[in-house]
Amino acid sequence: MTAIATLDADKIREACNATLRRNLAELEVFATIDSTNSYLMQQPGPAAGSIRVAVSNNQTAGRGRHGKTWQSPRGTGIALSASYTYPKKPHNVSALTLALGVAIASALQQLGAQDVQLKWPNDLVANDGKLGGILSEVHNVSAGAATIVAGVGINTQLNGTLDVGGEADWARRIVDLGSVCDEMPSPEVLVASLMGCMLDAFIEFEDAGLEAFLARWQQLDWLRGRQISLDAPSGQVSGVGAGIAPGGALLVDVPSDGIREFSSGSVVFAGELAR
């Protein structure tokens, strides 16, 4: 069996664009790590406007929403987290996950991935299966400034069964980047592209908030027009996905109530597109 190489930090830096090189405070590559998000949550945040990155192709205890787990055994995926410090905490910072989803989906498409879409609030979808996920957390707020840690996990080349700890109950299957790309980018090029698009999204969100990403989100919305079931704080709700509200809440067309907004909850079922 061929050994899977650890990511090459020098090759990642070579693949970074000029803006990323100027604003990259630190890049740490790990052969194995429990969670890149957990690691950065324990480290000092970068200076305002800079990005600090931790990345691995062997994550053993990654975290998803609601405490769920996401593992990426060596060679099957990329786990990347970036911390970014805002001089002033952005309005509606919880919507940053949505903005990052748009940026990451666009970056994957530019690398040749086909049919990449987004599932509210934090999933990357391809061919009706889970391709990856995003988790954003507020690391620290001090004197008005705020450091955010955002992580993304991407399945790149699955080998056998992947344990996602129930994180994809809604998905018909788990998919990898290799199955939706005619030609796979190198792991280092993929990492540099993810770093660059996340930095761009951090900056654009600071300037214009979620509004700058809404139109692109609507184009990529996998739930829109599908019969869905949502575990909401008030109980389970069923209806048809109707997009997202300007603030980032999920819109569901409920037969008995019309269109309702849900700012939290988990989609546990998603059917075929309505004809």
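Refer to the preceding data block for the structure.
Rules and cut-offs
- Here the residue numbering is sequential within each chain, running from 1 through the sequence in written order.
- Given that the model is predicted, a residue must reach a pLDDT of at least 70 before its local features are reported, and side-chain atom pairs must reach 80 or more before they are shown or counted; all residues, however, enter totals for whole chains, interfaces and linings.
- To get the side-chain values, take all heavy atoms of the structure and skip hydrogens and water.
- A side-chain nitrogen of Lys or Arg and a carboxyl oxygen of Asp or Glu constitute a salt bridge if their distance falls within 4 Å.
- Secondary structure follows DSSP: runs of H or I at least 4 residues long count as helices, runs of E at least 2 residues long count as strands, and numbering of each begins at the N terminus.
- Three labels apply to residues, based on accessible area from a 1.4 Å probe with only protein chains included: buried if under 20% of the type maximum, exposed if over 50%, partly exposed otherwise in between.
- For this analysis, residues touch if any pair of their heavy atoms sits within 4.5 Å.
- Think of it this way: DSSP has to see at least two bridges between two strands before they count as a pair.
- Fitted lines through C-alpha atoms give the axes, limited to the stretch in contact for helices. The angle between two N-to-C directions lies from 0 to 180 degrees.
- Classification of ring pairs rests on two measures: the distance between centres of Phe, Tyr or Trp rings, Trp counted by its six-membered ring, which must be within 6.5 Å, and the angle between planes, read as stacked under 30 degrees, edge-to-face over 60 and tilted in between.
- Identification of polar contacts relies on pairs of N or O atoms within 3.5 Å, with a donor-acceptor requirement for protein atoms, meaning one able to donate a hydrogen and the other able to accept it, and with residues adjacent in sequence counted only if both atoms are side-chain atoms.

Digging into the pattern of salt bridges
Inference 1: Scanning the model with the defined rule gives eight salt bridges in all.
Inference 2: The partner of Arg-52 in a salt bridge is Glu-26, with the nearest N and O atoms 3.5 Å apart. Taken together, the residues Arg-52 in strand 2 (residues 51-56) and Glu-26 in strand 1 (residues 24-30) connect sequence positions 26 residues apart.
Inference 3: Judged by relative accessible area, which is 9%, Arg-52 ranks as buried.
Inference 4: Glu-26 gets classed as partly exposed once you look at its relative accessible area, which sits at 33%.

Regarding the environment of Ile-154
Inference 1: Examined against the element boundaries, Ile-154 turns out to sit in strand 9 (residues 145-155).
Inference 2: C-alpha separation for the pair Ile-154 and Leu-80, spaced 74 residues apart in sequence, amounts to 8.7 Å.
Inference 3: Those residues in contact with Ile-154 that sit more than four places away from it in its chain are Thr-76, Gly-77, Ile-78, Ile-104, Leu-108, Leu-124, Leu-131, Gly-132 and Leu-194.

Here's the deal with the sheet that holds strand 14 (residues 266-273)
Within a beta sheet, neighbouring strands are joined by backbone hydrogen bonds and run either parallel or antiparallel to one another.
Inference 1: The five strands are arranged 13-12-11-10-14 in an open sheet whose pairing can be described as antiparallel. Two strands lie at the open edges of the sheet, namely strand 13 (258-262) and strand 14, each paired on one side alone. Across this sheet, the average inter-strand angle for adjacent strands is 40°, counted without regard to direction.
Inference 2: Summarising the sheet, strand 10 (residues 226-232) and strand 11 (residues 235-244) pair through six bridges and their orientation is antiparallel. In the sheet register, Asp-231 faces strand 11, and the bridge partner there is Gln-236.

A word on the packing of aromatic side chains
Inference 1: Applying the stated criterion to the full structure yields four aromatic pairs.
Inference 2: Plain terms: the ring middles of Tyr-84 and Phe-202 are 4.9 Å apart, the flat faces sit at 10° to each other, and that makes the pair stacked. Note that Tyr-84 is positioned in strand 5 (residues 77-86) and Phe-202 in helix 5 (residues 187-208), a separation of 118 residues in sequence. The burial state of Tyr-84 is the same as that of Phe-202; both residues are buried.
Inference 3: Accessibility expressed as a relative area gives 0% for Phe-202, which makes it buried.
Inference 4: By the ring-pair criterion, three or more aromatic residues cluster together here, those being Tyr-84, Tyr-86 and Phe-202.

A closer look at the environment of Gln-227
Inference 1: Relative to the helices and strands, Gln-227 resides in strand 10.
Inference 2: A relative accessible area of 39% places Gln-227 in the partly exposed class.
Inference 3: A sequence separation of 11 residues divides Gln-227 from Ser-238, and the C-alpha atoms of the two residues are 7.3 Å apart.
Inference 4: Excluding residues that lie within four positions of it along the chain, Gln-227 makes contacts with Ser-238, Gly-239, Val-240, Phe-269, Ala-270, Gly-271 and Glu-272.
Inference 5: Engagement of the side chain of Gln-227 in a polar contact is seen with the backbone oxygen of Gly-239, the distance being 3.2 Å.

All quantities given are derived from atomic positions and should not be read as evidence of function.
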